[in-house]
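The lines below spell out each chain.
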Amino acid sequence: MEPRATSSAAAPLRRQFHVLVGVTGSVAALKLPLLVSKLLDIPDLEVAVVTTERAKHFYSPRDVPVTLYSDADEWEMWKRRSDPVLHIDLRRWADLMLVAPLDANTLGKVASGICDNLLTCVIRAWDRSKPLLFCPAMNTAMWEHPITEQQVGQLKDFGYIEIPCVAKKLVCGDQGLGAMAEVGTIVGKVKEVLSQGSSQQS
Ligand SMILES: Cc1cc2nc3c(=O)[nH]c(=O)nc-3n(C[C@H](O)[C@H](O)[C@H](O)COP(=O)(O)O)c2cc1C
């Protein structure tokens, strides 16, 4: 997870900006390949993905042209004291985290501090001085349950940025709020946050 070395001594030491995408088991995880490809269109951006096991059901790793981490990597990587702890390395590596889609299950875990897989461990260990954006995605009935507002509010209190869900006809046939924001909206928000960060540095 080290920044790439430059090939020539004369090359500018411009480090790529690291975006870590977290993906959970919502049907909106179907859009992961499109989301990653649109993020990669942003100049100077390096992208990696952390997936939950359920999310794997909705995309093919062949369609995701970046490093994809899941729970097995965390446990296979660590055999002895000197070995890296993947969730800590990833939170160090990432400059920005984008959880898209964030399903109801992982929303509840993050709001209450549960960290029982690689993704929730990265989030639990997140450096809150760096941006974390989240895109809720769930069935309308789940979205309208009062616990959702509490949990989304909790994440915002942590300083995380909500990219609100939208209303449409959902894959299950229901009509209403709960669909993940459009990929264009999500990428636009990432660009906005990146430009705010770079203007603060200059
Ligand atoms: C076909 C299908 C679609 C699903 N879509 C959603 C969804 O959009 N939002 C959601 O909150 N849960 C959805 N679920 C339920 C989650 O996959 C389930 O809660 C799972 O335990 C989430 O695990 P994870 O948070 O570790 O990824 C769906 C389940 C299935 C079988």
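Residues numbered from 1 in each chain as written. Predicted model: local features only at pLDDT ≥ 70, side-chain atom pairs only at ≥ 80, totals over all residues.

1. Brief notes about the site of the ligand
Taken together, 15 residues are adjacent to the ligand, and Gly 25, Ser 26, Thr 52, Asp 103 and Ala 104 come closest. Here the shell around the ligand gets three residues from one element, more than from any other, and that element is helix 4 (residues 104-112). Looking at the shell around the ligand residue by residue, the class counts come to seven nonpolar, six polar and two charged. (Near = placed C-beta within 6 Å. Helix = DSSP H or I, 4+ residues; strand = E, 2+ residues; numbered from the N terminus. Nonpolar A, V, L, I, M, F, W, Y, C, P; charged D, E, K, R; others polar.)

2. Some remarks on the UniProt feature "domain: Flavoprotein" (unreviewed entry) in the chain
In the UniProt entry, the feature "domain: Flavoprotein" (unreviewed entry) is given for residues 18-193. As annotated, residues 18-193 has a helix share of 39% and a strand share of 22%, and its two end C-alpha atoms lie 13 Å apart. (UniProt positions renumbered as here; feature names shortened; annotations may be inferred.)

3. What about unusual backbone geometry?
In the segment running from Ala 100 into Pro 101, the intervening peptide bond is cis, with an omega of -5°. For Pro 101, the location among the structural elements is in strand 4 (residues 96-102). In this model, Asp 44 sits at a positive phi of 60°, which is unusual for a non-glycine residue. Its location among the elements puts Asp 44 in the loop between helix 1 (32-40) and strand 2 (45-51).

4. Quick notes on the nonpolar core
Grouped together as the largest cluster of nonpolar side chains are 51 residues, with contacts concentrated most on Val 21, Ala 100, Phe 134 and Cys 135. Residue contacts for Ala 100: discarding those within four places in its chain leaves Val 21, Val 23, Leu 35, Cys 135, Met 180 and Ile 186. (Core = buried A, V, L, I, M, F, W, Y, C linked by C-beta atoms within 7 Å. Buried ≥ 20, exposed ≤ 12 C-beta atoms within 10 Å, placed from the backbone. Contact = placed C-beta atoms within 7 Å.)

5. Things to note about helix 4
All of the buried residues along helix 4 are Ala 104, Thr 106, Leu 107, Lys 109 and Val 110. Where helix 4 is buried, its residues meet strand 4, helix 5 (118-124), strand 5 (132-136), helix 6 (140-144) and helix 7 (146-157).

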